[in-house]
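# Secondary and tertiary structure notes
Here's the letter readout for the chains.
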Amino acid sequence: MSENEEWQAKWHGLQDILGPKWTLHILRLLSEGSYGFNAIRDELGGLTAPMLSQRLKELRCHGLVKRSVTETSPPTTTYSLSDRGEQIARRLRELEPLVELHERSVADEQTDGCSDTATECRTEALTDGCVTVVDQC
């Protein structure tokens, strides 16, 4: 395998693991500590139970999330990051300062609310603002 093919395969793998909707959100939340299933769902508003269940299974399969069950009545299930999951989450959190969130003002609601530069870079804005790379498009 050539060097070019090797890095492309690795980046495809990253996309396969981290690309599904809600995956990054779950990793970010679990980077703060262990959570139960319902607590994760409640913290990440809009995430349905079936979607959360699927994402947690995938993240466990990839070795990024651990599931522990405590024998209580009823049993208590908690999820936390594995060592590998912690490494990935730590690196992803290091990227946070590179992204700026721009809140919309009342005047912005009459337009798309994003600067021309931000609109050129990303056509799907957040419902309450725009996302751009710090000091760049």
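Below: a short report on this structure. Keep in mind that what you see is a predicted model, and the values were worked out from it rather than measured. (Residues numbered from 1 in each chain as written. Predicted model: local features only at pLDDT ≥ 70, side-chain atom pairs only at ≥ 80, totals over all residues. Heavy atoms only, no water.)

A word on the nonpolar core. Counting 18 residues, the largest nonpolar core has Ile-26, Leu-30, Ile-40, Leu-44, Leu-56 and Val-65 as its most contacted members. Looking at this core, the elements that each hand over two or more residues are α2 (23-30), α4 (49-61) and β3 (76-81). Setting aside its immediate chain neighbours within four residues, Leu-56 contacts Ile-26, Phe-37, Ile-40, Val-65 and Tyr-79. (Core = buried A, V, L, I, M, F, W, Y, C linked by side-chain atoms within 4.5 Å. Buried < 20%, exposed > 50% of the residue type's maximum accessible area, 1.4 Å probe, protein only. Helix = DSSP H or I, 4+ residues; strand = E, 2+ residues; numbered from the N terminus. Contact = heavy atoms within 4.5 Å.)

On to the pairing of β3. Judged from the two bridges that link them, strand β1 (residues 35-36) and β3 form a sheet pairing that is antiparallel. Along β3, the bridge assignment pairs Gly-36 with Thr-78. Sheet analysis places strand β2 (residues 65-70) next to β3, joined by six bridges and oriented antiparallel. Across the sheet, Ser-68 pairs through a bridge with Thr-78, a residue of β3. (Pairing = 2+ DSSP bridges.)

What follows deals with the sheet that holds β2. Spatially, three strands are ordered β1-β3-β2 in an open sheet, and the strand pairing comes out antiparallel. In the strand order of this sheet, the two ends are held by β1 and β2, each with one partner. Taken strand by strand, α2 contacts β1, β2 and β3, and its axis lies near 95° from that of β3. (Axes fitted to C-alpha atoms, helices over the stretch in contact; angles between N-to-C directions.)

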